[in-house]
Amino acid sequence: MTLPPARRPPAAADSLALFDLDHTLIPFDSGMAWTHFLVERGVLLPCAEEHYLNCCRLYVAGRFDIHALHRAALQPLLQQPRAVLAAWQREFQAAMAPRLPLAMLALVRRHQHAGHLCAIVTATTALIAEPFARLFGIEALLATVAATVGGAVDGTGEDTADAQLTGEIDGEPCHGPHKVERVDRWLASRPAGSKAGLAGLARSWFYSDSFSDLPLLGQVSDPVAVRPDERLHAHALRLGWRILDAA
């Protein structure tokens, strides 16, 4: 369920709220939700869910890197036309709407009403993350970009609408220290942007569940641990960071 549209003030250039996606804005793994969605529609075999789950286990165990996890999520889709993928994204968005936590919708809305610039910063591939960005009403999405045949950048523009995915990542994944780089580049590219990036902001928030996000959490004025994993929970307690157990 999404909150009704509301008028809000323009985003303040000196205040920024950043949100991780999986287990932060949403209390589940978006890649698993996407896989389940495709299984339900007969696009993938039922065993695809267990295969993806095993890939996630290997990733957590350190035996898979983020590139391998990205391939696992996109491999079944490489031969699909982009128009078909776009249609599935719209259907996926409708299916996910009832699963959004009201507490997190309200949190995003409070930042927006306060005039804070908002962005989702996630390691999830953009193809899966875009429906959630639309549901939360967050225009800026910094996500892992899927590489396409010929090197065209993955996106929704007409010039890339027919570009076939390769299953690889374009550039660096939006993960770990690369999240800091992506945020700073994005801030600098904005019309009123500054090369100072995060350091030039009066106040900034980052909400995340994962210890792997420590580089970006350490760069904002207000780090918030949301449903944190064990290592992040211990770190947040030690430094006195806010811990949010959102429903």
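Here we summarise the structure given alongside this text.

Rules behind the numbers
- Residues numbered from 1 in each chain as written.
- Predicted model: local features only at pLDDT ≥ 70, side-chain atom pairs only at ≥ 80, totals over all residues.
- Heavy atoms only, no water.
- Salt bridge = Lys/Arg side-chain N within 4 Å of Asp/Glu carboxyl O.
- Helix = DSSP H or I, 4+ residues; strand = E, 2+ residues; numbered from the N terminus.
- Buried < 20%, exposed > 50% of the residue type's maximum accessible area, 1.4 Å probe, protein only.
- Pairing = 2+ DSSP bridges.
- Core = buried A, V, L, I, M, F, W, Y, C linked by side-chain atoms within 4.5 Å.
- Contact = heavy atoms within 4.5 Å.
- Expected span 1.5 Å × (residues − 1).
- Arc of directions from axis to C-beta.

Moving on, we come to the pattern of salt bridges. Summed over all chains, the structure comprises 7 salt bridges. Here Arg41 ties to Glu40 by a salt bridge, and the two come within 3.8 Å at their closest N and O atoms. The residue Asp213 makes a salt bridge to Lys179 at a minimum N-O spacing of 2.9 Å. Of this pair, Asp213 sits in the loop between β6 (203-208) and α8 (214-217) while Lys179 sits in helix α7 (residues 177-189), placing them 34 residues apart in sequence. The burial state of Asp213 is the same as that of Lys179; both residues are buried.

Once that is clear, we can look at the environment of Leu105. Tracing the sequence through the fold places Leu105 in helix α5 (residues 102-113). By relative accessible area, which is 6% here, Leu105 ends up buried. Residues Leu105 and Ile26 lie 79 residues apart in sequence; the distance between their C-alpha atoms is 9.6 Å.

With that settled, consider the pairing of β6. Of all 6 residues making up β6, 5 are buried, and the element is well covered by its neighbours. Sheet topology places β6 next to strand β7 (residues 222-226); 4 bridges connect them, and they run parallel. Within β7, the residue paired with Tyr207 across the bridge is Val224.

Another point: the nonpolar core. Core analysis: the largest hydrophobic core is formed by 52 residues, its most contacted members being Phe19, Leu25, Trp34 and Phe136. Considering each element in turn, this core owes the most residues, 8 residues, to helix α6 (residues 126-136). If we ignore the near neighbours within four places in the chain, the residues touching Trp34 are Ala73, Leu77, Trp88, Gln89, Phe92, Leu127 and Ile128. Among the nonpolar cores identified, the runner-up in size contains 22 residues, and Leu217, Ala225, Leu232 and Trp241 belong to it.

Between the first and last C-alpha of helix α4 (residues 82-96) there are 21 Å, a value that for 15 residues agrees with the 21 Å anticipated at 1.5 Å per step. Of all the residues in α4, the buried ones are Arg82, Leu85, Trp88, Gln89, Phe92, Gln93 and Met96. Taken down its axis, α4 places every buried residue within 145° of arc, on the same side. In this structure, α4 carries Ala83, Arg90 and Ala94 as exposed residues pointing more than 90 degrees from its buried face.

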